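Close look at the chain arrangement
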Amino acid sequence: MYLTEFLTVALIHLLAVASPGPDFAVVVRESVTHGRRAGTWTALGVGSAIFLHVGYSLLGIGLIVSQSIVLFNVLKWLAAAYLLYIGFKAIRARPAAPASEQLAKQAGERTARGAYTAGFVTNGLNPKATLFFLSLFTVVINPHTPLAIQAGYGIYLAAATALWFCLVARLFSQPRVRAGFARMGHWFDRTMGAVLIAIGVKLAFSEMH
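Here the structure is a predicted model, which is why all the values come from computation and not from measurement.

Focus: the confidence of the model for the protein
Per-residue confidence for the protein averages 80 on the pLDDT scale, and 78% of its residues sit at or above 70. Per-residue pLDDT stays below 50 along residues 98–102; that stretch engages in three contacts with residues further than four places along the chain or on separate chains.

This is the structure in structure tokens:
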């Protein structure tokens, strides 16, 4: 019984996490700009934020948020503001030094704490994630499923998310990939900034369904 439920949860999560969104954009940007270490810490931040969503879903707080337009909008605007902030910060990037020098310089600029925080805040403030986990723990997962097993699902979701984005970070932090992006210099930062701004604007004007 629980195996079927778990496989359903795993499949839905796989489809959700593979869809490009703010988490993906932030991990890619950190990986390309600052290297594998920063990208990995960002991925771990995204993954650990899952515990936040799972926690309030199990406590029923997510239901309150989903039913309150005010609380939903507060969360939505906080997330949009954060994405717009890092998006505008990136879009203002200026032409830099040659690729090899720039990569070496950027690799030492980002602290593990800063990268982790970027990932955690991006995922933690995402209202779409709130609604996703709320629907997961109220519709897909049987309310009668023991709390310990539901918590086990949560641990899996956090670990699977972190692993997925660690793989994304590993891919986009490959020397050849980074060098390719670095040749485009500040245009890569500006492009990623535009993507983050677009996601932030879309999020800001989204409605609760």
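Here the narrative resumes.
Focus on helix H8 (residues 127–140)
The end-to-end C-alpha separation of H8 is 19 Å, in line with the 20 Å expected for 14 residues at 1.5 Å each. Taken together, the buried positions of H8 are occupied by Pro127, Ala129, Thr130, Phe132, Phe133, Leu134, Leu136 and Phe137.

Remarks on the packing of helix H3 (residues 36–59) against H8
Two numbers describe how H3 lies on H8: the axes approach to 9 Å, and their chain directions differ by 50°. Compared by their axis directions, H3 and H8 come out oblique. H8 is crossed by H3, and the crossing has right-handed handedness. Here Ile50, His53, Val54, Tyr56, Ser57 and Leu58 of H3 come into contact with H8, specifically with Ala129, Thr130, Phe133, Leu134 and Phe137. Tallied by class, the residues present in the contact of H3 with H8 amount to eight nonpolar, three polar and no charged.

So, the layout of surface pockets
Reported here for the second largest pocket is a volume of approximately 570 Å³. Ala16, Gly21, Pro22, Asn126 and Lys128 are, among the 23 residues lining the second largest pocket, the residues nearest its centre. Looking at the lining of the second largest pocket element by element, the count peaks at four residues for H8. By residue class, the composition of the lining of the second largest pocket is 13 nonpolar, seven polar and three charged.

Section: the packing of aromatic side chains
Tallied over the entire structure, the rule returns six aromatic pairs. Taking the centre distance of 6.1 Å and the plane angle of 90° together, the rings of Phe24 and Phe172 count as edge-to-face. Of the two residues, Phe24 sits in helix H2 (residues 22–34) while Phe172 sits in helix H9 (residues 147–172), which places them 148 residues apart along the sequence. Owing to a relative accessible area of 18%, Phe172 belongs among the buried residues under this scheme.

Some remarks on the UniProt feature "transmembrane region" (unreviewed entry) in the protein
UniProt feature "transmembrane region" (unreviewed entry): in the numbering of this structure it lies at residues 41–63, 70–88 and 153–172. What you have in residues 153–172 is 100% helix and 0% strand, and the ends, taken at the C-alpha atoms, are 29 Å apart.

Remarks on the environment of Ile197
Tracing the backbone through its elements, the reader meets Ile197 in helix H11 (residues 186–204). Under the relative-accessibility criterion, Ile197 is labelled buried at 13%. Expressed as a C-alpha distance, the spacing of Ile197 and Ala81, which sit 116 residues apart in the sequence, is 9.3 Å. When near neighbours in sequence (up to four residues on either side) are disregarded, Ile197 contacts Leu84, Gly87, Phe88 and Ile91.

Topic: helix H1 (residues 2–17)
Over its 16 residues, H1 extends 22 Å from the first C-alpha to the last, a length consistent with the 22 Å expected when each residue adds 1.5 Å. Residues of H1 that are buried include every one of Glu5, Val9, Ala10, His13 and Val17, and no others. Projection of H1 onto a plane perpendicular to its axis shows the buried side chains occupying an angular sector of 135°, all on one side. Of the exposed residues in H1, the ones pointing more than 90 degrees away from its buried face are Leu3, Thr4, Leu7, Leu11 and Leu15. Contacts made by the buried residues of H1 are with H8 and H9.

Rules of the game
Residues numbered from 1 in each chain as written. Predicted model: local features only at pLDDT ≥ 70, side-chain atom pairs only at ≥ 80, totals over all residues. Heavy atoms only, no water. pLDDT = per-residue confidence, 0-100. Contact = heavy atoms within 4.5 Å. Helix = DSSP H or I, 4+ residues; strand = E, 2+ residues; numbered from the N terminus. Expected span 1.5 Å × (residues − 1). Buried < 20%, exposed > 50% of the residue type's maximum accessible area, 1.4 Å probe, protein only. Axes fitted to C-alpha atoms, helices over the stretch in contact; angles between N-to-C directions. Parallel < 35°, antiparallel > 145°, perpendicular 65-115°, else oblique. Left-handed = near helix turned anticlockwise from the far one by under 90°. Nonpolar A, V, L, I, M, F, W, Y, C, P; charged D, E, K, R; others polar. 1 Å grid on protein atoms, 1.4 Å probe; cavity = no way out; pocket = protein on both sides within 12 Å on 5 of 7 lines; lining within 4 Å. Points joined across faces, edges and corners; volume = space filled by probe spheres on them. Phe/Tyr/Trp six-rings, centres within 6.5 Å; stacked < 30°, edge-to-face > 60°. UniProt positions renumbered as here; feature names shortened; annotations may be inferred. Arc of directions from axis to C-beta.

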